[in-house]
Structure formats: structure tokens, C-alpha cells
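Coordinate inspection notes
Residues per chain are reported as follows:
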Amino acid sequence: MNNKRVESINNDLNNFIIFIRDKYNIKLNLNINDIIKADFETKKIVTLKELHEIVIITAKKYDPDIIDDLDFSTRRHPVINYAHCFAFIADKLGYKKVEIADYMDKNHATVINSIVRARDLIQIGDSEITTTYNSILNSYRYYVGNVSKDVKEEINT
């Protein structure tokens, strides 16, 4: 996102917060930094390896029986959901499909299919993939939350 757009969104969020506070006497805290941006082409928060580690940490917590297969080489259903979500999130973070494909040792068409499949299943509310996606996002947010303030500011410029 360019700086003008970020500034505009921040202004709108601040106006919304003031409106809600004044109208309903509710303290509301919103921040654009809470949004995963799809425009990190020059400054990515995490590497693909780090994102993969986040996926593994999530799987260890919620699906410990599939840990050995999280190298993306299997076709077991739960692992495929993690692979689809990995590709979808990496794409949202601004990684090129060919970069994701190289990392996953897949061709770019497979990655495109994963991204589209994850997006479509999440949009229709498929419970399995939505749960997997939300679990990975929670782990991701926790991980990114531990990034220093200086790094976050650099990313947002």
C-alpha cells in the first residue's frame, strides 16, 4: 500500500473511532497494522521459511499427527489444507507465485490452484480450511506481534 492510501485509511479509521466513541460512549481500538496487507513486495515481514515454521507451529498445536508431512510433498487431506493456506497467505504477503512454487517445490500452476482453492473455500465458509486458515493467521499475528517496533515502522513506510 502506498503512503497516501495508508494515511487515508488511518484517517478514516480515526474518524470512525471518534464517531463510535461519541455516539455510543465505547472505547474502540482499530489499527491498520492489524490488517495483513497484500502489498509487501519490497518489505516482507516474514520469509517463506519463517511462514512455513509458523504453519508447522500451528500444526503442532492443532494437528500434531501430520507434522512429519508438512514439507508439502504429501496429498493427505489435512496437509493439503495447510499447503493451500500457506500459499494463500504467502500470496497475500506479496510473494510472487513463482517464489512460493520454488519454496514448496511445486510448479506455479499448482500454487495458483492452491491460492484459488483456499480463497474460494474460505469465502464459502468451509469449516475445515477456515479453521486451518484462522489458526495459522492467529499464529502469524502472534509471531509478527513479537517483531520490534522499528521493523514494523519500516514495513509500514
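In what follows, the structure referred to is the one given above.
What counts, and where the lines are drawn
Each chain carries its own residue numbering, running from 1 in the direction its sequence is written. With the structure being a predicted model, the display of local features is reserved for residues of pLDDT at least 70 and the display and counting of side-chain atom pairs for 80 or more, all residues being used for whole-chain, interface and lining totals. Hydrogen atoms and water are omitted, and side-chain values are computed over all heavy atoms in the structure. To define a nonpolar core, start from buried Ala, Val, Leu, Ile, Met, Phe, Trp, Tyr and Cys residues and group those joined through side-chain atoms within 4.5 Å. Buried residues are those whose accessible area, probed at 1.4 Å on protein chains only, stays under 20% of the maximum for their type, while exposed residues exceed 50% and partly exposed ones sit between those limits. Counting from the N terminus, the helices are DSSP H or I runs at least four residues long and the strands are E runs at least two residues long. In what follows, a contact means two residues having at least one pair of non-hydrogen atoms within 4.5 Å. Here an axis means a line fitted to C-alpha atoms, over the contact stretch when the element is a helix, while the angle between two N-to-C directions is reported on a 0 to 180 degree scale. Roughly parallel means an angle under 35 degrees; roughly antiparallel, over 145; roughly perpendicular, 65 to 115; everything else is oblique. For any helix crossing, the convention is left-handed if the near helix is rotated counterclockwise from the far helix by under a right angle, and right-handed if that rotation is clockwise. Three classes are used, and their members are as follows: Ala, Val, Leu, Ile, Met, Phe, Trp, Tyr, Cys and Pro are nonpolar, Asp, Glu, Lys and Arg are charged, and the others, Gly among them, are polar. A side-chain nitrogen of Lys or Arg and a carboxyl oxygen of Asp or Glu constitute a salt bridge if their distance falls within 4 Å. Starting at the helix axis, one direction is taken to each C-beta atom, and the arc is that of these directions. Here a helix's expected span is defined as the number of its residues, less one, multiplied by 1.5 Å. Exposure above 30% relative accessible area and the absence of a salt bridge qualify a residue for a patch, where like charges join within 9 Å and nonpolar side chains (Val, Leu, Ile, Met, Phe, Trp, Tyr) within 5 Å. Here the Shrake-Rupley method, with its probe set to 1.4 Å, supplies the accessible areas, and only the displayed protein chains count as covering residues.

Before going further, it helps to spend a moment on the nonpolar core. The biggest cluster of nonpolar side chains holds 32 residues, and the ones touching the most others in it are Leu51, Phe86, Ile100, Met104 and Tyr140. Among the secondary structure elements, those contributing two or more residues to this core are helix H2 (48–62), helix H3 (77–92), helix H4 (97–104), helix H5 (108–123) and helix H6 (127–145). In this structure Leu51 touches Val46, Phe86, Ile89, Ala90, Leu93 and Tyr140, once residues within four positions along its chain are discounted.

For Ile17, the position within the fold is in helix H1 (residues 3–24). Looking at Ile17, the relative accessible area reads 16%, which means it is buried. Spatially, the C-alpha atoms of Ile17 and Leu28 are 5.9 Å apart, while their sequence positions differ by 11 residues.

Time to look at unusual backbone geometry. Notably, Asn25 is not glycine yet its phi reads approximately 55°, a positive angle. Summarising the element assignment, Asn25 is placed in the loop between H1 and H2. Its identity is not glycine, yet Asp105 carries a phi of approximately 60°, on the positive side. With respect to the helices and strands, Asp105 occurs in the loop between H4 and H5.

Moving on, we come to the packing of H2 against H4. Axis separation between H2 and H4 bottoms out at 11 Å; the angle between their running directions is 60°. The orientation of H2 relative to H4 falls into the category oblique. Where H2 crosses over H4, the handedness of that crossing is right-handed. Across from Leu48, Lys49 and His52 in H2, the residues of H4 making contact are Glu99, Ile100 and Tyr103. Split by residue class, the contact of H2 with H4 holds three nonpolar, one polar and two charged.

What follows covers the pattern of salt bridges. Going through the model one piece at a time under the given rule, you end up with four salt bridges. A salt bridge links Asp22 to Arg21, with the nearest nitrogen and oxygen atoms 3.2 Å apart. Notably, a salt bridge pairs Lys49 with Glu53, separated by 3.3 Å at the nearest N-O pair. With Lys49 and Glu53 both in helix H2, this residue pair falls four residues apart, about one helical turn.

This paragraph deals with H4. Among the residues of H4, those classed as buried are Ile100, Ala101 and Met104. One side of H4 carries all its buried residues, which in axial view fall inside an arc of 100°. Lining the buried residues of H4 we find H2, H3 and H5. At the exit of H4 stands Asp105, carrying a positive phi of roughly 60°.

This brings us to H5. In this model, H5 (16 residues) spans 22 Å end to end at C-alpha, consistent with the 22 Å of a helix rising 1.5 Å per residue. Among the residues of H5, those classed as buried are Val111, Ser114, Ile115 and Ala118. Taken down its axis, H5 places every buried residue within 95° of arc, on the same side. Once H5 finishes, Gly125 follows within two positions and takes phi at roughly 80°, a positive value.

We now examine a nonpolar patch on the surface. Residues Phe16, Phe19, Tyr24 and Ile26 make up a contiguous nonpolar surface patch of roughly 410 Å² in combined accessible area. Structurally, the position occupied by Phe19 is in helix H1.

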